[in-house]
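Breakdown of the fold
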2 protein chains.
Amino acid sequence: MTDRFSFTLDATDGKARTGRIDTPRGTIRTPAFMPVGTAATVKAMLPESVRATGADILLGNTYHLMLRPGAERIARLGGLHRFMNWDRPILTDSGGFQVMSLAGLRKLTEEGVTFASHIDGSKHMLSPETSMEIQRLLGSDIVMCFDECPALPADKQTVAASMRMSMRWAQRSRDAFGDRPGHALFGIMQGGVTRELREESAEALKAIGFDGYAIGGLAVGEGQEAMFGVLDYAPGCLPADKPRYLMGVGKPDDIVGAVQRGVDMMDCVLPSRSGRTGQAWTRRGQLNIKNARHADDPRPLDADCSCPACTGYSRAYLHHVFRAQEMISGMLLTWHNLHYFQELMAGLRAAIAAGMLDDFVADFHAQRAGGDIPPL
Amino acid sequence: MTDRFSFTLDATDGKARTGRIDTPRGTIRTPAFMPVGTAATVKAMLPESVRATGADILLGNTYHLMLRPGAERIARLGGLHRFMNWDRPILTDSGGFQVMSLAGLRKLTEEGVTFASHIDGSKHMLSPETSMEIQRLLGSDIVMCFDECPALPADKQTVAASMRMSMRWAQRSRDAFGDRPGHALFGIMQGGVTRELREESAEALKAIGFDGYAIGGLAVGEGQEAMFGVLDYAPGCLPADKPRYLMGVGKPDDIVGAVQRGVDMMDCVLPSRSGRTGQAWTRRGQLNIKNARHADDPRPLDADCSCPACTGYSRAYLHHVFRAQEMISGMLLTWHNLHYFQELMAGLRAAIAAGMLDDFVADFHAQRAGGDIPPL
């Protein structure tokens, strides 16, 4: 254990990197996938089960937690780790993205955003300073700068103005964060899909100086090709000796492509949200458990998967409990999906360490192209 | 392990008994509380978690399973144990009670009951013979006779006629069940709250001969006093060398009173259903986690409880996740409730074995009378 936050690069393969982030609360193996625990729970999972899938770190949502149960309350109760019974690292977002997508009656100024809670309509304010304070109250290990994401599509001028305000907010976030040994502050690159804006944003962030750098404003509907287009150059604009975090990504093939392009950390609600709607992700692609063809199928989701859903249950059972709207359906499918995502990350890390990422990626695509084995 | 079904009485204390039921799938310690796994899942729990609470046996509902996913399908998939990933004993009810309380378009004759599924309106028939066949297809370890429960309130004549038909159905169930080593068939005493009808029913069942005897038609709204009134004599009408099962009971104080009166087995949805609606059962009584007074309370539900909800989480957290409608709320509260019920059974068994049941019961009531410790 360490009392400091540090990033160690162990190996590279092309642009891809593997290493580890050490924090006082434990080590994060990179590339890392972070399950999302929005409201102090990864939905349908106990934290020990999340850990059992191989997760080293969770993400918590500042916007949700500040509204319910409230950051001061969580602080009084000993912080978010103790509150949700997860003693390993937690990254919190800044609330900037959610406030623009979920809250009502938003008013955006240079100072920050005033808004109405989507839960009870109560009035709140988020700014770089209040976001830093809320994330401090939560006890977050990795704190994100407060930034602003323009609604897409937006013209270049709008994106540029938004990015520049986010960079001013990044400086205010840095100033408000102060010196907190063992805790990290990450800057967030913006600039949409325009290279010169991305480069300008990267330079602004590097001039301020952060413990890690996120790539924001992607995975918001621009499509994989446009996203990969940005990722072809964006990670290279950021310091090589700091972790690079791609926010809100993604599907397994998004993850693989991002890792190939030099991304170290990602988060997404996809595996848990899909699990609750009957979607299973496997090495062979997606499977919709509510489909009638699974009703009599004695096989597991994936015969080679060691998760509890695959070792204990048939597709027929998973189909039945989904149809019967039983909670065990979401519990088992979420577990499977998180397990699969973590297995994918472990495979990527091992492949990079062995200098065999190209082979791993070729296998990954070949297995998916093979598709699910036919129904009985 | 044994290849036969057998009941061994280890100790008595007053009318209360403790012992064990041995089956090829494992031993059931009595008095036993059976969690209800209606649709092939104890709601909000994985089966290994149900086992971890101390449960030796689960109950499955024939009515639900025959309609969805269907008994033939479960048989093709290897039986209910394999389907739901529970390799210990399972008791299935006969479908008689649920068909009268849930199904539509019921038509009751001497032959049996025709009805419409509450799920999709499809037409079905249950009789002693079809119920035995369905429970055989499910692979149930303890099969219940198909019986009929009159809707209450009912006059004595109606109750008597219904009971006598149930006794004819008990004979047909016995004949249809045949000889199935390792599997047990239980008869069900009926007769409402009228002692002479209960005695007549017991005599009819004993004349047929069963592996165990249930007391049916109670816990249907008659109140604890009337139920205990029947239990003051009904267990004594049944053979002492066979297990006695009180169906559908109950609250902790119902369980304690039933055990004092000579009952060996019980089942109830209460701990799991309560868990999903925010009710926690503890040694000190009930606690409604949605109450605002828990919002800042750092204490566990019960500081002396070793379940995951009590060892990992504050009341404040449980309150938060209930309010936020997170699945972990039902998962943790159900686990706690099932754990508490099984701890209660373990306490009753140990007290009977030690000849100290009166002290145990006095403590049980004293703790509850003390009530929950005050809010902060």
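Residues numbered from 1 in each chain as written. Chains lettered and ligands numbered in written order. Predicted model: local features only at pLDDT ≥ 70, side-chain atom pairs only at ≥ 80, totals over all residues. Heavy atoms only, no water.

A few points about the UniProt feature "binding site: Zn(2+)" (unreviewed entry) in chain A
Residues and elements named next belong to chain A. Under the present numbering, the feature "binding site: Zn(2+)" (unreviewed entry) in UniProt falls on Cys-305, Cys-307, Cys-310 and His-336. What stands out for the annotated residues spanning 32 residues is how close their C-alpha atoms remain, the widest pair being 8.3 Å apart. Relative to the elements of secondary structure, Cys-305 occurs in the loop between β16 (285–288) and α12 (308–312). Overall, the relative accessible area of 12% leaves Cys-305 in the buried class. (UniProt positions renumbered as here; feature names shortened; annotations may be inferred. Helix = DSSP H or I, 4+ residues; strand = E, 2+ residues; numbered from the N terminus. Buried < 20%, exposed > 50% of the residue type's maximum accessible area, 1.4 Å probe, protein only.)

Remarks on the packing of helix α10 (residues 252–260) of chain B against helix α14 (residues 327–353) of chain B
Residues and elements named next belong to chain B. At a minimum axis separation of 11 Å, α10 and α14 run at an interaxial angle of 25°. What the angle tells us is that α10 and α14 run roughly parallel. The two elements α10 and α14 cross, and the hand of that crossing is right-handed. Contacts from Pro-252, Ile-255, Val-256 and Val-259 in α10 reach Tyr-340, Phe-341, Leu-344, Met-345, Leu-348 and Ile-352 in α14. (Axes fitted to C-alpha atoms, helices over the stretch in contact; angles between N-to-C directions. Parallel < 35°, antiparallel > 145°, perpendicular 65-115°, else oblique. Left-handed = near helix turned anticlockwise from the far one by under 90°. Contact = heavy atoms within 4.5 Å.)

Comments concerning the domain arrangement of chain A
Residues and elements named next belong to chain A. Looking at chain A, the domain boundaries give domain 1 (6–268) and domain 2 (275–370). Relative placement of domain 1 and domain 2: their C-alpha centres are 27 Å apart. Each partner contributes residues to the interface: domain 1 has 30 residues there, and domain 2 has 25 residues. For the pair domain 1 and domain 2, the summed buried surface comes to about 2300 Å²; carbon and sulfur atoms form 75% of the total. Looking at the side of domain 1 facing domain 2, the largest losses of area belong to Asp-13, Thr-53 and Pro-252, adding up to 24% of the total buried there. Inspection of the region where domain 1 meets domain 2 yields 1 salt bridge. Between Asp-253 and Arg-368 there is a salt bridge whose closest N-O contact spans 3.9 Å. Our enumeration of links across domain 1 and domain 2 arrives at 4 residue pairs in polar contact (both at pLDDT 80 or more). For the side of domain 1 that touches domain 2, the elements supplying multiple residues, two or more each, are β1 (6–13), β2 (16–23), β3 (26–30), β4 (32–35), α1 (47–52) and α10 (252–260). With 6 residues, the single largest contributor to the side of domain 1 that touches domain 2 is α10. (Domains from an automatic or database assignment. Buried area = accessible area lost by both parts, 1.4 Å probe. Salt bridge = Lys/Arg side-chain N within 4 Å of Asp/Glu carboxyl O. Polar contact = N/O pair within 3.5 Å; in protein donor to acceptor, adjacent residues only side chain to side chain.)

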